[in-house]
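A structural walkthrough
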There are 2 protein chains.
Amino acid sequence: MRKSVSGVLATLEHVGGFASAQELYQLMHRDGAKIGLTTVYRSLQTLVEGNLVDILRREDGEAIYRLCGENHHHHLVCKSCGKTVEIEGGAIEKWAKTIASENGFRDVGHTAELFGTCANC
Amino acid sequence: MRKSVSGVLATLEHVGGFASAQELYQLMHRDGAKIGLTTVYRSLQTLVEGNLVDILRREDGEAIYRLCGENHHHHLVCKSCGKTVEIEGGAIEKWAKTIASENGFRDVGHTAELFGTCANC
DNA sequence: GTGAAAATGACAATCATTTTCATTTCTGTT
DNA sequence: AACAGAAATGAAAATGATTGTCATTTTCAC
Ligand SMILES: [Zn+2]
Ligand SMILES: [Zn+2]
Ligand SMILES: [Zn+2]
Ligand SMILES: [Zn+2]
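Residues numbered from 1 in each chain as written. Chains lettered and ligands numbered in written order. Predicted model: local features only at pLDDT ≥ 70, side-chain atom pairs only at ≥ 80, totals over all residues. Heavy atoms only, no water.

Attention shifts here to the protein's contact with DNA strand D. Around DNA strand D, the surrounding shell holds 14 residues, and the nearest of these are A:Lys34, A:Thr39, A:Arg42, B:Tyr41 and B:Ala63. Here, DNA strand D places atoms within 4 Å of the protein, and 58% of those atoms are sugar or phosphate. For DNA strand D, a phosphate oxygen lies 2.9 Å from a polar atom in the backbone of A:Gly36. Elements with a minimum of two residues in the surface near DNA strand D: α3 (37–49) of chain A together with α3 (37–49) of chain B. Here the element with the most residues in the surface near DNA strand D is α3(A); it accounts for 3 residues. Residues of the surface near DNA strand D, tallied by class, amount to 3 nonpolar, 6 polar and 5 charged. (Near = heavy atom within 4 Å. Polar contact = N/O pair within 3.5 Å; in protein donor to acceptor, adjacent residues only side chain to side chain. Helix = DSSP H or I, 4+ residues; strand = E, 2+ residues; numbered from the N terminus. Nonpolar A, V, L, I, M, F, W, Y, C, P; charged D, E, K, R; others polar.)

Across the boundary between the two partners, chain B contributes 39 residues, which contact 38 residues of chain A. Between chain B and chain A, the buried area comes to about 3,000 Å², and carbon and sulfur atoms account for 64% of it. Scanning the region where chain B abuts chain A turns up 0 salt bridges. Between the two partners, chain B and chain A, sit 14 residue pairs in polar contact (both at pLDDT 80 or more). Residue assignment for the side of chain B that touches chain A shows that the elements contributing at least two residues are β4 (74–78), β5 (84–87), α4 (90–102) and β6 (106–117) of chain B. Of all the elements, β6(B) adds the most residues to the side of chain B that touches chain A, at 12 residues. Partitioning the side of chain B that touches chain A into residue classes produces 19 nonpolar, 11 polar and 9 charged. (Contact = heavy atoms within 4.5 Å. Buried area = accessible area lost by both parts, 1.4 Å probe. Salt bridge = Lys/Arg side-chain N within 4 Å of Asp/Glu carboxyl O.)

This next bit is on the sheet that holds strand β1 (residues 19–20) of chain B. All names here are of chain B. Read from one edge of the open sheet, 3 strands run β1-β3-β2, paired in antiparallel fashion. In the strand order of this sheet, the two ends are held by β1 and β2 (53–57), each with one partner. Two elements, β1 and strand β3 (residues 63–67), share 2 bridges in a ladder whose sense is antiparallel. Bridge pairing in β3 links Ala 19 to Tyr 65. Contacting β1, β2 and β3, helix α1 (residues 3–15) crosses the sheet at an angle of about 85° to β3. (Pairing = 2+ DSSP bridges. Axes fitted to C-alpha atoms, helices over the stretch in contact; angles between N-to-C directions.)

Okay, the protein's contact with DNA strand C next. As a structural note, the neighbourhood of DNA strand C is formed by 14 residues, with A:Tyr41, A:Ala63, B:Lys34, B:Thr39 and B:Arg42 the closest of them. Each atom of DNA strand C within 4 Å of the protein belongs either to a base or to sugar and phosphate, the latter forming 63%. One of the backbone N or O atoms of B:Lys34 is found 2.6 Å from a phosphate oxygen in DNA strand C. Between a phosphate oxygen of DNA strand C and a main-chain N or O atom of B:Gly36, the distance comes to 3.0 Å. Mapped by element, the contributors of at least two residues to the surface near DNA strand C are α3 of chain A together with α3 of chain B.

Here it is, written out as structure tokens:
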């Protein structure tokens, strides 16, 4: 694996959760890495193509990345105050698998997010 | 309701499924409507705030809109050839409601999409 | 009719992402 | 080592959706 790619991968491991390309770029620079923003984008693309990293979207459309195989969960987000609860998605995982096999699909991933108004709002 | 807002709403009804702001703007112009792109965005924002319209994201991050309460379904998309299957999401609807009430959330909506490789690819 | 307030739209600004392209680094060959 | 060609890099420009600005128009209550 290219040095730039493994550097981005290491940074993603270090943050633990989600991070955008811009955030990763800033983090790497704060740690003294000499990598360009373009290369961060290219490395992320490589990692996504190699199924090492998942890509999802923030609510504003910005792409965020996370390691595959990590503690997989979903989110329940309050539209008003932003409060976020991490959700175990067992039921959804099962559903995704069922639907996939019913339709002859392989290597099926999924996104699922819940959003509403929390008790305080 | 403002004229511009109901115009956007009508266009969204007419297309039936998902549409981006830019697409709606073009459609409305093709039909002779004199509405600015800015107002299309503002009307969509109003509709989303009024819970008349849902907002999701295309894979490239572009925002797409659809009427709430319409024949609600999810998608199973082939990453390779783009083949798309519409999915009845009964199990997900139930899951969303359960999670929401367990966490004291109200007015909970959700997004859920499946993506993989179809039998032909 | 008057004037305040809301709505509109042209245009500019913003911001993530992609493209371009010149330069640097790598890799194998003589 | 010297060389050539390929791959990788990054700075800067281009792109494209979305948002902000602000002068003008429309609406509405009095
Ligand atoms: Zn809240
Ligand atoms: Zn899941
Ligand atoms: Zn396919
Ligand atoms: Zn659903």
